[in-house]
Amino acid sequence: MDTTITNILLVGVGGQGILLASEILSEAFMLAGFDVKKSEIHGMSQRGGSVVSHVRFGKEVFSPVVPEGQGDILFGFELLETYRYLSLLKPGATVVANDYKIAPPSILLGQAVYPQALPEKIKAKFPDFLLVDGQGLALKAGDVRAANTVMLGAVSKRLQIADGVWQQALEKMVPKKALEINLKAFEFGRGL
């Protein structure tokens, strides 16, 4: 019996579309025939606070929470949040991060400075690292708000799910008025 479970973490700041991305991801895994469990932690997410979503899939999954040090893929929507959650990954994990910075309150208030060279620090710890211009590609697709779908497309290349399944999941989860732009954004991310 295959007991392999894949653990994916989505991290970022409230308002970046992390929850929609985790819904689309979960839907794609269910459509592909996997058991899926999902959990979210919203730390002041409506005010730009940290958001973490756990998505686990496999033949049979019992818990929605990724155990610390067991993450297979970290899917980061903001650089500092990506860096903060590296401890949840196992050695050799994959990191796909949006090249985007949102200053937390401590930085905005002048109590701290935004850390420098985060992509280099991430790559030093996790060589399987992809830095994505999510905002730029989303704008190219027609709406900067589709950066979450660009990121989803980039992560999709690392998962063994058929293209048609991704399209079905997007069609089911994305509002119709935004579907065309999100399909384009997904393809831009998938093309990386």
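Source: prediction; values computed, not measured. (Residues numbered from 1 in each chain as written. Predicted model: local features only at pLDDT ≥ 70, side-chain atom pairs only at ≥ 80, totals over all residues. Heavy atoms only, no water.)

1. Description of the overall build of the protein chain
And then number 1: On a plain count of helices and strands, the protein chain comes out with 8 helices and 6 strands.
And then number 2: The secondary structure elements of the protein chain, listed N-terminal to C-terminal, are β-α-β-β-β-α-β-α-α-β-α-α-α-α.
And then number 3: In terms of overall size, the protein chain behaves like a compact globule, its C-alpha atoms giving a radius of gyration of 16 Å where 192 residues would be expected to give roughly 16 Å.
And then number 4: Based on the C-alpha atoms only, the size of the protein chain along its principal axes is roughly 50 × 40 × 30 Å.
And then number 5: Within the protein chain, the fraction of its 192 residues that count as buried is 50%.
And then number 6: Within the protein chain, residue pairs in contact and separated by at least 24 positions form 64% of the contacts whose partners lie at least 6 positions apart.
And then number 7: Total accessible area on the protein chain is roughly 9500 Å²; 55% of this is exposed by carbon and sulfur atoms.
And then number 8: Averaged over its 20 positive side-chain charges, the protein chain has a centre that lies 2 Å from the centre of its 19 negative ones. (Helix = DSSP H or I, 4+ residues; strand = E, 2+ residues; numbered from the N terminus. Rg over C-alpha atoms; globule rule 2.2 N^0.38 Å. Buried < 20%, exposed > 50% of the residue type's maximum accessible area, 1.4 Å probe, protein only. Contact = heavy atoms within 4.5 Å. Areas by Shrake-Rupley, 256 points an atom, 1.4 Å probe, with all protein chains shown as cover. Lys, Arg positive; Asp, Glu negative; His and termini not counted. Charge placed at Lys NZ, Arg CZ, Asp CG, Glu CD.)

2. Side note on the pattern of salt bridges
And then number 1: What the rule picks out here adds up to 9 salt bridges.
And then number 2: With a closest N to O distance of 2.8 Å, Glu-81 and Arg-84 form a salt bridge. A residue pair is termed a helical-turn pair when its members lie 3 or 4 positions apart in one helix, as Glu-81 and Arg-84 do in helix α2 (residues 79-84) at 3 residues.
And then number 3: When the shortest N-O distance is used, the salt bridge between Arg-145 and Asp-143 registers 2.7 Å.
And then number 4: What makes Asp-143 buried here is its relative accessible area of 19%.
And then number 5: One continuous salt-bridge network, built from bridges that share partners, spans Glu-23, Lys-38 and Glu-40. (Salt bridge = Lys/Arg side-chain N within 4 Å of Asp/Glu carboxyl O.)

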